[in-house]
Amino acid sequence: MAIQTTQKVLSVKDAIESRHSIRRFVQEPLPKEDLNQIFELVRLAPSAWNLQPWRFHVVTDSDLKEKLQEAAYGQQQVTSAPAVILAISDMEDVLANLTETVHPGLPDDRKQQEVANLSSIFGGMSVEERAQWGLTQTNIALGFLLLAIEGLGYSSVPMLGFDQEKVKELLDLPEHIKFASMVPFGRADAEGYEHHRLALDKTVTFH
Ligand SMILES: Cc1cc2nc3c(=O)[nH]c(=O)nc-3n(C[C@H](O)[C@H](O)[C@H](O)COP(=O)(O)O)c2cc1C
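Residues numbered from 1 in each chain as written. Predicted model: local features only at pLDDT ≥ 70, side-chain atom pairs only at ≥ 80, totals over all residues. Heavy atoms only, no water.

**Description of the site of the ligand**
So, step 1. Taken together, 13 residues are adjacent to the ligand, and Ser21, Arg23, Gln75, Gly161 and Arg197 come closest.
So, step 2. Note that an oxygen atom of the ligand is positioned 2.8 Å from one of the side-chain N or O atoms of Arg23.
So, step 3. Take Gln75: an N or O atom from its side chain is 2.8 Å from a nitrogen atom of the ligand.
So, step 4. Coverage of the ligand by the protein chains reaches 63% of its 620 Å² of free accessible surface.
So, step 5. Class assignment of the residues belonging to the shell around the ligand gives a composition of four nonpolar, six polar and three charged. (Near = heavy atom within 4 Å. Polar contact = N/O pair within 3.5 Å; in protein donor to acceptor, adjacent residues only side chain to side chain. Areas by Shrake-Rupley, 256 points an atom, 1.4 Å probe, with all protein chains shown as cover. Nonpolar A, V, L, I, M, F, W, Y, C, P; charged D, E, K, R; others polar.)

**A short note on unusual backbone geometry**
So, step 1. Positive phi outside glycine occurs at Gln52, with the angle close to 50°.
So, step 2. Of the residues examined, Gln52 reaches a relative accessible area of 26% and is grouped as partly exposed. (Buried < 20%, exposed > 50% of the residue type's maximum accessible area, 1.4 Å probe, protein only.)

**Regarding the packing of aromatic side chains**
So, step 1. Tallied over the full model, the rule gives six aromatic pairs.
So, step 2. Each ring, one from Trp49 and one from Trp133, has its centre 6.2 Å from the other, and the planes form 40°; the classification is tilted. Taken together, the residues Trp49 in the loop between α2 (32-42) and β1 (54-59) and Trp133 in helix α8 (residues 127-151) connect sequence positions 84 residues apart.
So, step 3. Trp49 gets classed as partly exposed once you look at its relative accessible area, which sits at 40%.
So, step 4. According to the relative accessible area criterion, Trp133 is buried, its value standing at 19%.
So, step 5. With a centroid separation of 5.9 Å and 90° between ring planes, the pair formed by Tyr154 and Phe185 is classed as edge-to-face. Here the residue Tyr154 occupies a position in the loop between α8 and β3 (155-156), and Phe185 occupies one in strand β4 (residues 178-186), the gap between them amounting to 31 residues. Taken individually, Tyr154 and Phe185 each receive the classification buried, so the pair is uniform in this respect. (Phe/Tyr/Trp six-rings, centres within 6.5 Å; stacked < 30°, edge-to-face > 60°. Helix = DSSP H or I, 4+ residues; strand = E, 2+ residues; numbered from the N terminus.)

**Considering the sheet that holds β1**
So, step 1. Taken in spatial order, the four strands line up as β1-β2-β4-β3 in an open sheet, and their pairing is antiparallel. The strands lining the two open edges of the sheet, one partner per strand, are β1 and β3.
So, step 2. As paired strands, β1 and strand β2 (residues 83-89) are joined by six bridges and run antiparallel to one another. Its bridge partner lying in β2, Trp54 is registered against Ser89.
So, step 3. Against the sheet, α2 engages β1, β2 and β4, with an angle of about 165° to β1.
So, step 4. Along the sheet, α8 contacts β1, β2, β3 and β4; its crossing angle with β4, the most-contacted strand, is approximately 15°. (Pairing = 2+ DSSP bridges. Contact = heavy atoms within 4.5 Å. Axes fitted to C-alpha atoms, helices over the stretch in contact; angles between N-to-C directions.)

**Focus: the environment of Gly74**
So, step 1. Assignment of secondary structure puts Gly74 in the loop between α3 (62-71) and α4 (77-80).
So, step 2. The exposure class assigned to Gly74 is partly exposed, which follows from its relative accessible area of 31%.
So, step 3. Placed 90 residues apart in sequence, Gly74 and Gln164 show a C-alpha to C-alpha distance of 14 Å.

Everything listed here is a matter of geometry and, on its own, says nothing about what the molecule does.
Shown next, in the form of C-alpha cells:
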C-alpha cells in the first residue's frame with residue numbers, strides 16, 4: 001500500500017544512520033497524518049505468537065507535558081517536544097482479549113485451540129512474569145517507533161529516566177503495565193551527539 005505523508009521518507013539505512021537522540025525540538029503542531037503514519041508502521045512490528053502487547057499514549061497537551069517533565073526529573077526535552085509518546089506494555093489486556101490476536105485466517109477450531117494454549121501458558125505465569133515477558137516484545141516495537149519517526153523526517157529521544165509511578169498516575173494507567181519508554185519527538189532544533197558504539201568484534205561473533 002502506498003504511504004501518504006507530509007515528510008520526505010528516508011530509507012531504512014538512512015534512518016538508522018541518521019537517528020541520534022535529540023533533546024530540543026521545533027515548537028510546531030504535528031500533522032495528524034504523520035502521527036497516524038508512524039503508528040501504522042509501528043504496528044507491523046513482530047511479536048511472539050503475534051500478541052502485540054504494545055500500547056501507545058500520545059501526549060500533546062501542554063499542562064500534561066509539564067507534569068510529565070516534572071516526573072522526568074525536569075528533563076527539558078519533554079516540554080520542548082510537540083508530542084510525547086509513552087510506549088507501554090499491557091499483557092493483562094492481551095490476556096483478556098486473546099481472540100483479537102489470533103489470525104483471522106485460521107479455521108474456528110484452530111482459533112479456539114490457540115486461545116486455549118495461550119491462556120494456559122500466560123495464565124500459568126504471575127502478573128509480574130508476564131508483564132516482563134510483554135516488555136521484551138514491546139521493546140521490539142520501540143525500535144520500530146524510533147526508526148519510523150526518523151524515517152518520516154522527525155527526531156526523538158527514548159527515555160526511561162522518569163518516576164514510573166507518577167506517570168502511571170498522570171495518565172491513569174493500571175498498576176500492571178510496564179513502560180518501554182517515554183519518547184519526546186518532533187522536528188529537530190539541535191544536533192545530537194556523534195555516534196559512539198562498541199566495535200563490531202566486541203558485539204558480533206561469527207561461527
Ligand atoms: C531505554 C532508553 C532509555 C533512555 N533514557 C534516557 C533518559 O532518560 N534521558 C536522556 O536524555 N536520554 C535517554 N536515553 C538516550 C541514550 O542516552 C542514547 O540513546 C544513547 O546515549 C545513544 O545515543 P544516540 O541515541 O544519540 O545514538 C535513553 C535511551 C534508551 C534506549
